[in-house]
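# Examining the three-dimensional arrangement
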There are 2 protein chains.
Amino acid sequence: MSFDALFYPKAVVVIGSQSAGKLGNVLLKQIIKGRYEGNLYAVNPKGQGYENVPGFQSVESIGKKVDLAIIAAPAATIPGVLDDCGKGGVGAAVVITSGFSEMGNHEGEKQVLEAARRNGIRIVGPNCAGIVYTSHKLYPTLEIHPPEGGVALISQSGALGGVVLAWAEEQGLGMSKFVSYGNGIDLNQVELLRYLKDDPETSVIALYIESIKDGREFMEALQDAASAKPVVVIKAGRTNVGQRATASHTGSMAGSDNVYEAAFKQSGAVRVNTIEEMIDLCTTFIACKSMDGDRVVIVTNSGGPGVLAADRGEEVGMDMAEVSPEMIDTLKTFLPPFCGFKNPVDLTVEGTEEGYRKTLVTLLEAYDAAIAMNICPPYLDASSHAKGVADAFDIMGKPVLANFLPNQVVADSVKYLKERGIPNFPSGERAIETLARLSDYHKRKRIIKEHGGFSEVWQKLQSKIAGQTSKLPGGERILEPEAMGWLRDLGIPVPEFRFANDEAQAIDDCESIGFPCVMKVVSPQIIHKSEFGGVIVGIKNRDEAAKAFQTIRKRAEGKDFRGVVIYPQIKGAQEVLLGLSVDPQFGPVVVFGLGGIYTELFKDISIRVAPVNHHQAMEMIRETKSVKLLQGFRGAAASDLDMLADTIVRFSEIPFLYPEIKEADLNPIFVLPDRLMVGDVRIIK
Amino acid sequence: MSFDALFYPKAVVVIGSQSAGKLGNVLLKQIIKGRYEGNLYAVNPKGQGYENVPGFQSVESIGKKVDLAIIAAPAATIPGVLDDCGKGGVGAAVVITSGFSEMGNHEGEKQVLEAARRNGIRIVGPNCAGIVYTSHKLYPTLEIHPPEGGVALISQSGALGGVVLAWAEEQGLGMSKFVSYGNGIDLNQVELLRYLKDDPETSVIALYIESIKDGREFMEALQDAASAKPVVVIKAGRTNVGQRATASHTGSMAGSDNVYEAAFKQSGAVRVNTIEEMIDLCTTFIACKSMDGDRVVIVTNSGGPGVLAADRGEEVGMDMAEVSPEMIDTLKTFLPPFCGFKNPVDLTVEGTEEGYRKTLVTLLEAYDAAIAMNICPPYLDASSHAKGVADAFDIMGKPVLANFLPNQVVADSVKYLKERGIPNFPSGERAIETLARLSDYHKRKRIIKEHGGFSEVWQKLQSKIAGQTSKLPGGERILEPEAMGWLRDLGIPVPEFRFANDEAQAIDDCESIGFPCVMKVVSPQIIHKSEFGGVIVGIKNRDEAAKAFQTIRKRAEGKDFRGVVIYPQIKGAQEVLLGLSVDPQFGPVVVFGLGGIYTELFKDISIRVAPVNHHQAMEMIRETKSVKLLQGFRGAAASDLDMLADTIVRFSEIPFLYPEIKEADLNPIFVLPDRLMVGDVRIIK
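Here the structure is a predicted model, which means the values were calculated and not measured.

What counts and what doesn't
Residues numbered from 1 in each chain as written. Chains lettered and ligands numbered in written order. Predicted model: local features only at pLDDT ≥ 70, side-chain atom pairs only at ≥ 80, totals over all residues. Heavy atoms only, no water. Core = buried A, V, L, I, M, F, W, Y, C linked by side-chain atoms within 4.5 Å. Buried < 20%, exposed > 50% of the residue type's maximum accessible area, 1.4 Å probe, protein only. Helix = DSSP H or I, 4+ residues; strand = E, 2+ residues; numbered from the N terminus. Contact = heavy atoms within 4.5 Å. Patch = residues over 30% accessible without salt bridge, like charges linked within 9 Å, V, L, I, M, F, W, Y side chains within 5 Å. Areas by Shrake-Rupley, 256 points an atom, 1.4 Å probe, with all protein chains shown as cover. Salt bridge = Lys/Arg side-chain N within 4 Å of Asp/Glu carboxyl O. pLDDT = per-residue confidence, 0-100. Buried area = accessible area lost by both parts, 1.4 Å probe. Polar contact = N/O pair within 3.5 Å; in protein donor to acceptor, adjacent residues only side chain to side chain. Nonpolar A, V, L, I, M, F, W, Y, C, P; charged D, E, K, R; others polar. Pairing = 2+ DSSP bridges. Axes fitted to C-alpha atoms, helices over the stretch in contact; angles between N-to-C directions. Phe/Tyr/Trp six-rings, centres within 6.5 Å; stacked < 30°, edge-to-face > 60°.

Time to look at the nonpolar core. One finds Leu6, Leu193, Ile621 and Ile654 of chain B to be the most contacted residues of the largest nonpolar core, which totals 173 residues. A total of eight residues in this core trace back to one element, the largest contributor, which is helix α25 (residues 641–657) of chain B. The residues touching Leu6 of chain B, leaving out its near neighbours within four places in the chain, are Leu68, Ala92, Val94, Val124, Tyr133 and Leu187 of chain B. With 107 residues, the next largest nonpolar core counts Val26, Tyr260, Phe497 and Ile669 of chain A among its residues.

A surface patch of nonpolar side chains, about 290 Å² in accessible area, is lined by Leu23 of chain A together with Val349, Tyr379 and Leu380 of chain B. Among the secondary structure elements, Tyr379 of chain B is positioned in the loop between β15 (369–375) and α14 (383–396). On the accessibility criterion, Tyr379 of chain B (32% relative accessible area) is partly exposed.

This part is about the confidence of the model for chain A. Averaged over every residue, the pLDDT of chain A is 92; the share at 70 or more is 97%. Within the model, pLDDT remains below 50 along residues 249–254 of chain A, and this stretch shows 23 contacts once partners closer than five positions in the same chain are excluded.

Here the focus is the side chain of Glu429 of chain A. On the secondary structure map, Glu429 of chain A appears in helix α16 (residues 428–451). Among the residues examined, Glu429 of chain A registers a relative accessible area of 4% and is labelled buried. With residues up to four places along the chain from it excluded, the contact list for Glu429 of chain A reads Leu308, Ala309 and Arg312 of chain A together with Asn273, Thr274 and Ile275 of chain B.

This part covers the pattern of salt bridges. The tally for this structure, following the rule as stated, stands at 93 salt bridges over all chains. Between Arg608 of chain A and Glu619 of chain A there is a salt bridge, with the nearest N and O atoms lying 3.1 Å from each other. On the criterion of sequence distance, the pair formed by Arg608 of chain A in strand β23 (residues 605–609) and Glu619 of chain A in helix α23 (residues 614–622) is long-range, its members being eleven residues apart. Here Glu619 of chain A falls in the buried class, since its relative accessible area comes to 16%. A salt bridge links Arg542 of chain B to Asp508 of chain B; the nearest nitrogen and oxygen atoms lie 3.2 Å apart. With a gap of 34 residues between them, Arg542 of chain B in helix α21 (residues 542–555) and Asp508 of chain B in helix α19 (residues 503–513) connect regions that are remote in the sequence. The exposure class of Arg542 of chain B is partly exposed, given its relative accessible area of 35%. Classification of Asp508 of chain B as partly exposed rests on a relative accessible area of 40%. In this structure, a network of salt bridges that share partners links the residues Glu276, Asp280 and Arg430 of chain A together with Glu276, Asp280 and Arg430 of chain B.

In this assembly, 71 residues from chain B lie in contact with 70 residues from chain A. Three residues stand out in chain B for area buried against chain A, namely Leu308, Leu601 and Phe602 of chain B, and they jointly supply 11% of the buried area on that side. The tally of links from chain B across to chain A stands at two salt bridges. Between Arg430 of chain B and Glu276 of chain A there is a salt bridge whose closest N-O contact spans 2.7 Å. At the junction of chain B with chain A, the criterion picks out nine residue pairs in polar contact (both at pLDDT 80 or more). By residue number, the principal contributor to the side of chain B that touches chain A is helix α11 (residues 303–315) of chain B, which donates ten residues. Here the residues of the side of chain B that touches chain A are counted per class, giving 37 nonpolar, 14 polar and 20 charged.

Quick look at the sheet that holds strand β18 (residues 517–522) of chain A now. Residues and elements named next belong to chain A. Pairing in this open sheet of four strands is antiparallel, and the strands run β17-β20-β18-β19 from one edge to the other. Looking at strand neighbours, the two that pair on one side only are β17 (498–500) and β19 (535–539), the edges of this open sheet. On average, each strand axis in the sheet is inclined to that of its neighbour by 25°, with strand direction left out of account. Here β18 pairs with strand β20 (residues 563–568) via six bridges, running antiparallel. Counted as the bridge partner of Val518 is Tyr567 from β20. In this fold helix α18 (residues 480–489) packs onto β17, β18 and β20, with an angle of close to 45° to the strand it touches most, β20. Packing of helix α21 (residues 542–555) onto the sheet brings it into contact with β17, β18, β19 and β20, and relative to β19 it is tilted by some 175°.

This next bit is on the packing of aromatic side chains. Residues and elements named next belong to chain A. The tally for this structure, following the rule as stated, stands at 27 aromatic pairs over all chains. On the numbers, 5.2 Å between centres and 80° between planes, the contact of Phe285 with Tyr441 is edge-to-face. Of the two residues, Phe285 sits in helix α10 (residues 275–287) while Tyr441 sits in helix α16, which places them 156 residues apart along the sequence. Neither Phe285 nor Tyr441 differs from the other in exposure class; each is buried.

Printed below as a string of structure tokens:
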């Protein structure tokens, strides 16, 4: 559909009382204050206007085409209002009014949506704080008017959006559009992302969400947008307390934060946790077009603050490599000998314009970005230093962020730096944290371009399956030998095994598998086989095999005993696990971790929205700390991680081939230097 | 000594050129601008004065008593300047001049110190940014003049101090004193802490350090000060400075920043990492006298920002418990039904003065502190809400921090809140992070009061030892049987063991220890016994004992083979480790961790400056994640942690009883439900 009525309205009507203090009047005043240049009308039962804006009793009675309605009428009247809008040719409506699903009024919300549908009107809201389009001078919002610029903000929460706008105004961060979509009954983050991706006025998208509906549709829209321009996301409810609070706030469940984290990573969006971080990062994305690596150098005129920034740089994963001896030689040709030549490079309080310029130009040959710090004593003037920094930024075209302090002393320099495109931060730490996120966005963008992100993997699998799904083997419960056979057919390595339902067969099977071997009970009634005593390991000969079978059969008395499954005993393997579960927002997710109690103790797992490709599976393996155990820790033989990644890929596709699956675990998977095999499998339909 | 000359000077001389732009003149102008009320003189070779301040060619020639000299004369002249000061009766000097040890000029620095000593003058500096005493209106500093108040700042770095002062001025945080001690050749953080502890003008101490000399003296001074008033510390160089190069396993993980972290904890100081955090926390310490627990409630008028703050609260360890049903019933008697009644409590945009007041008063009955958030749309006025918040703070006397936003809209409210003693933060996240540190300080203070901190344990051990130390047993290397016997004598549990140097004895010893048992080689030339093949486990009978002895003796051919040591084989034990090493700043430190590769993989260790008492040892055990394995994880039997703590206490005292020890490891220690014993010991003299 075309969004012209919503985003390029030539005529706007504000629907709601124009009495002083009423929301309708506040909104109209905001629009007038913003100097909107299209046609503007007021509609309310009294037909009251305000200043030069004419009032009518209905949209229909205006008699001219109206594109956009801003609605602040009482909740119960809104379906009727939309019918009137339909008659007036309105194409889109922003419903500010609250009192819908956020308060339990789902029926009222349904009626609003129905009215919108039957009148062909797209809805933003209800329960929202309005919209802002700075380039059209259109400000039908309850919030502060931000300056014009390249950042578009989409916010589920109106108040949160308002805070961002206020901060943006204070810090001179220009905005293109603001859309507070509130309950999001029609337009929500997905369509807005799709629109903003191609919006020429928007070069950075900022997104605040508390909950989403269709996780996969969201991820596709997000990846699409993030491939075109940076997307900075705050997702509230990242802890249990936050999720509880979100549920009470919007009435929607926030969902597992780990899954959201994975979704952002797979889509190439950058996640931040606070508004401060969002503003810092948007400012930097506007200023710095790219960053091609992690190597950061700090150039300072003061040791202490430089060290604090370097500490933080190391903590956030930047490569704070020392300056090379050759480069130090170059620096020494123009810097005094008492300067510090490592990283941070300390020009000392005697740093000069030329010192900053030449030092930064020299270092940016070898580094991917720089932080320029200047702690200016009140008796000095930082403005020439600012010029040196800005010149170096122009010459080298790589990211340079500034930390000029203190504010009272360097106000002019900061303004100057800003004019020349260099953001200033209140501390070196904040600057380098932001740089780390900048680097991360570009790194992920490169990875997705080269290896694919969520969308490519998901679309490829869908076209491969083409709606053809299968039934799982077995009855209500899948027995272990059935499950193992099924995994083997799917290309997931399982050990050789035998199924035996009498003692003689079991003894022969043990011998043919080879001693020592393992025997496990098979019964649909016995799930936790080890706890039940249904697993016997270390069977060394035919006698022990006979005894093992008898023991298991005896223990299983009174249960539906189907027999035993026999495996060779695996020695010296590293144990890992794979899990699948179905997230309410995102559908199937895949989990990788080390086997055993340490996974639980240290929560050392990685998670992705399924399916994943080989590169993503390798990422999953590598982002756990325990990957070292697979890489030949302390002289042990290294495992074949490619083979493990292949298994993760296949496993991640299973829930789409077999939609009955609700949960599945391969735990343990035995990983040996040259092969791997599933040790146990559990499937819940 | 008395610090009167330094801290209460009745007459001050500035020594250094009074030509325009020279440091001496900048300093004098700063003092004049500050309206210092004592006598003021200038001394320089020309005898030049400035404005009303008379100039002399020497301090001696002033002819009146001068207490304090501010010295900006060239480095090489300073010993002579100090001799002149001595003649003029000067008691203390602040040496601003740089060009000493920070540039390799150690000889010059030594001469300054010698001159100071022979003239009985205490020195602040050299290479410092001066001092500030707001209540005396004395500002001989290069930095911005902060307002008067209760925070004293001690900073090793002048520039860093300057930044803090500038921020303090901007945010209206009042300072009592600022001392930049630079190279600290005489007065440093230790004496300054001792002085400020009893300074009636100072209620909070802020400290920035990069390095210290005597760690134990520092910790004692720090604990002493922190028991009297909050001490907030920034220690720079936390990622890569001062890392010791030691091959020792536990030593290498106990990088020196960990030791600082432990030292702050043991002394009751609060560590922060950034200047922003320091300012936030000092502001809060001034406003809130105490905090008696971790339960925090958020009262907001806006869902989104409330959720973000709640998320952060949970992450920083605050107890964001839900509001009890009884309390919700109370809230419902005066709040509208559409409010959110969990935690955060959401008054919605319709929140009122009375709503804030009554809600906070009600909740602070059950919570230890509150965050009051108010996100004010531009068409509303937050000032009545601010009044409600401030009233509740007055009534309840518990910490209340505010997050009123946006600045442009709530400026008057924020000013009002400040006047009534409530700090406002730029985000709810920043507010709750600060609250977490406030809570942490008071919690630690209570613990140290009840169970003792570093000083008590250290002093008690010193008086117990009273200088009586012992020699370690053995020669250059301590053999395992000697070490085990020695540990047993020290009260550290070791398993039963036998030492045998011939085969027959070894076989008998194995039998008397009981099968299965373990046999280990004893040789001063074999350190890594396992790697050498010198450890044989699972010896089941006399035959195997004979074979084991033969194998070990054969492998040890060509080495200085002394025999074997025999232990019972321990089964089902959890393995932990203890390590001792000597830190260059702090001396002996003790490390506790889980045994095995997971300790290294997850760096799950705890560290303390030795010695520790029982309570501190329990803290060490409990702060590791793997403590769960000792507490009966997944149905396993729980271990006796008290017994383990006793062992840590004894072990932590060893380096003081035996000063030869450079490093020691007990690794593994077998921990069983009812007992524990050392499995192996390694001592480096």
